[in-house]
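# Breakdown of the fold
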Amino acid sequence: MPYRPKKMERRVVGRILRRFPNWLLRGRRAVPLRDNSGEAVKEPERAQEHYLPSFAGGQHFFEYLLVVSLKKKHSGEDYEPTITYQFPKRENLLRGQQEEEERLLGAIPLFCFPDGNEWAPLTEYPRETFSFVLTNVDGSRKIGYCRRLLPAGRGPRLPRVYCIVSCIGCFGLFSKILDEVEKRHQISLAVIYPFMQGLREAAFPAPGKTVTLKSFIPDSGTEFISLTRPLDSHLEHVDFSSLLRCLGYEKIVQIFASAVLERRIIFLAEGLSTLSQCIHAAAALLYPFSWAHTYIPVVPESLLATVCCPTPFMVGVQMRFQQEVMESPMEEVLLVNLCEGTFLMSVGDEKDILPPKLQDDLLDSLGQKIKELQTPEQINEHVSGPFVQFFVKTVGHYASYIKREANGQGHFQERAFYKALTSKANRRFVKKFVKTQLFSLFIQEAEKSKQPPAGYFQQKILEYEEQKKQKKSKEKTVK
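Residues numbered from 1 in each chain as written. Predicted model: local features only at pLDDT ≥ 70, side-chain atom pairs only at ≥ 80, totals over all residues. Heavy atoms only, no water.

Under the definition given, this model contains one cavity of 30 Å³ or more. Quantified by volume, the largest cavity comes out at close to 40 Å³. Every residue lining the largest cavity is listed: F111, P114, F130, S131, F132, I296, P297 and V298. The greatest single-element share of the lining of the largest cavity, amounting to three residues, is contributed by strand β6 (residues 128-135). Residues of the lining of the largest cavity, tallied by class, amount to seven nonpolar, one polar and no charged. Three or more residues apiece are contributed to the lining of the largest cavity by two domains, here domain 1 (64-229) and domain 2 (240-363). (1 Å grid on protein atoms, 1.4 Å probe; cavity = no way out; pocket = protein on both sides within 12 Å on 5 of 7 lines; lining within 4 Å. Points joined across faces, edges and corners; volume = space filled by probe spheres on them. Helix = DSSP H or I, 4+ residues; strand = E, 2+ residues; numbered from the N terminus. Nonpolar A, V, L, I, M, F, W, Y, C, P; charged D, E, K, R; others polar. Domains from an automatic or database assignment.)

And the structure:
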């Protein structure tokens, strides 16, 4: 059944989360939170970076570029992550703005090094690209795009992280920007400045458009860097390749089924890149709906008690913390081992949540022609398409059951909506789905809008309705 909060559960969550001095993991709505001093604090993002707003283009690419390094603590042998470079440096901020900046910049190092503080200098370290999201007390969201690597040099060294902070969700594009930052930092920090300044002055492109930057690099001359935004903006936040490498289609469909009913899902993996990419991909399967609960692609060590929360969550945990997670008191959790492609824990009914025929359709569509796909865009469309079609067939008729008053305010006719489905299996599923926050938040937006939003989902609904009309017309002709 979909999650329904209870008073007892809220008290349990409160007890768990009071252990964290500066963070609270909440659901859909951002609420001003206070720490022991009475100051408002930030919280990790609740909903997928995946479902950030669709950006029309024209705004700034990013807010900050940060370099986060490991510095040895004054006491002991442990290291703590510290911001050692920041661009731009903001001056003449008002008091409230300065406090906001300090809270933001104080939170970021924890998520750049979520694995704890037991580090040692290394001679080899695989580069990793991952991301995190922070939600401010006013509900605004900022994404940290991270590249963690061993800096150039000789002898044992400590990893460092380049982190670009932006309010824009476009992971492929920012990965390319991180490539450019990394290349320049191997020469000098001073070479990064003109590139990032040019990027900051450039307008973020509209879907399908390209922005070209001119950048000078010593000993290489002037370079032109083209940054293209994907045409399908609903897929620009995600890369399904990692999820496909880690899991078979049946497991992916079962994860989708669990997410649809807003259950607790934990992903385990060795690498930050794998965790980050797979959890984004899993959340992206819910399009056009938005995960409305706690969502942390990589849980920092200090926040591992998140897995004890009785409320819904979708989180990623590094494999080194597997034993701690397994020993935590948890109920009705789907624990996904991305390294082995298995479920370590499950509720047991994951195969029975979706209507059987539609589940078979999903699996058939996912298995078709996958080896012929070459580009990330082709893979994304191949994986996302069947899940979008699932929602078209089950809830695509929602707009016809929003009755409007003279002032344009809509009221959703829930009972008539699910009774309109002729399939009993589909009707049973939809009766559960309409009780979720996924659906409730979606339908609230639809009630406010005077007409269905023009977008990818609406396009697929219209195509499906046209196919049904053509099928009926052919059947009449045959008779």
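From this point, the discussion proceeds with the structure in view.
Looking now at the sheet that holds strand β15 (residues 342-345). The sheet built from five strands is open, its strands ordered β12-β13-β11-β14-β15 with mixed pairing. Of all the strands in the sheet, the pair left with one neighbour each is β12 (294-296) and β15. Ignoring strand direction, the axes of neighbouring strands in this sheet form an average angle of 25 degrees. Direction of pairing for strand β11 (residues 264-269) relative to strand β14 (residues 333-337): parallel, over a ladder of five bridges. Opposite F267, over in β14, you have V336 as the bridge partner. Strand contacts of helix α7 (residues 272-284): β11, β12 and β13 (313-318), with the helix running at about 165 degrees to β13, the strand carrying the most contacts. (Pairing = 2+ DSSP bridges. Axes fitted to C-alpha atoms, helices over the stretch in contact; angles between N-to-C directions. Contact = heavy atoms within 4.5 Å.)

Within β14, five of the five residues are buried, leaving the element largely enclosed by the surrounding structure. Burial along β14 is two-sided: V333, L335 and N337 facing one way and L334 and V336 facing the other are all buried. Alignment of β14 against β15, held across three bridges, turns out to be antiparallel. Its bridge partner lying in β15, V336 is registered against F343. (Buried < 20%, exposed > 50% of the residue type's maximum accessible area, 1.4 Å probe, protein only.)

Our focus in this paragraph is the packing of helix α10 (residues 376-395) against helix α12 (residues 424-433). Running from N to C, α10 and α12 cross one another at 95 degrees; their axes reach a closest spacing of 10 Å. Overall, the two elements α10 and α12 adopt an arrangement that is roughly perpendicular. From α10, F390, F391, T394 and V395 reach across to α12, where they touch F429, V430 and F433. A class-by-class count of the residues in the contact of α10 with α12 yields six nonpolar, one polar and no charged. (Parallel < 35°, antiparallel > 145°, perpendicular 65-115°, else oblique.)

Time to look at helix α9 (residues 356-367). Helix length check: α9 (12 residues) gives 17 Å between terminal C-alpha atoms against 16 Å at 1.5 Å per residue, within 8%. When we look at burial in α9, the residues that qualify are L358, Q359, L362 and L366. Along the long axis of α9, the arc covered by the buried residues comes to 105 degrees, so they all point the same way. What points out from α9, more than 90 degrees from its buried face, is the exposed set P356 and K357. Next to the buried residues of α9 lie α6 (249-260), α10 and α12. (Expected span 1.5 Å × (residues − 1). Arc of directions from axis to C-beta.)

Inspection of the secondary structure assignment puts G153 in the loop between β7 (141-149) and β8 (160-166). C-alpha of G153 to C-alpha of Q186: the two residues are 33 residues apart in sequence and 9.2 Å apart in space.

Among the nonpolar cores identified, the biggest contains 108 residues, and I108, F240, F256, I266, F267, M314 and V317 are the most heavily contacted of them. Among all residues touching M314, those that are not within four sequence positions of it are A259, I265, F267, I279, A282, A283, W291, T294, Y295 and I296. Within the second largest apolar cluster, 30 residues are counted, among which are L65, I143, L199 and F204. (Core = buried A, V, L, I, M, F, W, Y, C linked by side-chain atoms within 4.5 Å.)

Tracing the backbone shows D352 in the loop between β15 and α9. Classification of D352 as exposed rests on a relative accessible area of 60%.

Relative to the helices and strands, D115 is located in the loop between α2 (95-112) and β6. A distance of 2.7 Å separates polar atoms of two side chains, one belonging to D115 and the other to R148. Residues contacting D115, with those up to four places away along its chain left out, are R148, L272, E301, Q318, R320 and F321. (Polar contact = N/O pair within 3.5 Å; in protein donor to acceptor, adjacent residues only side chain to side chain.)

Let us look at α10. Taking 1.5 Å of rise per residue, 20 residues should cover 28 Å, and α10 covers 28 Å from first to last C-alpha, within 8% of that figure. The largest bend along α10 measures about 30 degrees and falls at S384, with the proline P386 one to four residues further on. With 14 of its 20 residues buried, α10 lies for the most part within the structure. Sitting at the head of α10, T375 places a side-chain oxygen 3.1 Å from the backbone nitrogen of Q378. (Bend = angle between axes of the 7 residues up to and from the residue.)

All right, on to the packing of aromatic side chains then. Taken as a whole, this structure holds 27 aromatic pairs when the rule is applied. Ring centres of Y398 and F442 lie 5.1 Å apart, and the angle between their planes is 70 degrees; this geometry places the pair in the edge-to-face category. Of the two residues, Y398 is situated in the loop between α10 and β16 (402-404) and F442 in helix α13 (residues 437-448); the sequence distance between them amounts to 44 residues. Taken as a pair, Y398 and F442 share a single burial class, namely buried. Look at Y401 and F417: their rings are 6.2 Å apart centre to centre, the planes differ by 70 degrees, and that puts the pair in the edge-to-face class. Pair noted here: Y401 is in the loop between α10 and β16 and F417 is in helix α11 (residues 414-419), with a separation of 16 residues, a long-range link. The exposure class of Y401 is partly exposed, given its relative accessible area of 22%. (Phe/Tyr/Trp six-rings, centres within 6.5 Å; stacked < 30°, edge-to-face > 60°.)

Looking at the element boundaries, R264 is found in strand β11. A distance of 2.9 Å separates a polar atom in the side chain of R264 from the backbone oxygen of E331.

The grouping of D78, E118, E301, E324 and E327 at the surface amounts to a negative patch. Structurally, the position occupied by E118 is in the loop between α2 and β6. By relative accessible area, E118 is classed as exposed at 74%. (Patch = residues over 30% accessible without salt bridge, like charges linked within 9 Å, V, L, I, M, F, W, Y side chains within 5 Å. Areas by Shrake-Rupley, 256 points an atom, 1.4 Å probe, with all protein chains shown as cover. Salt bridge = Lys/Arg side-chain N within 4 Å of Asp/Glu carboxyl O. Lys, Arg positive; Asp, Glu negative; His and termini not counted. Charge placed at Lys NZ, Arg CZ, Asp CG, Glu CD.)

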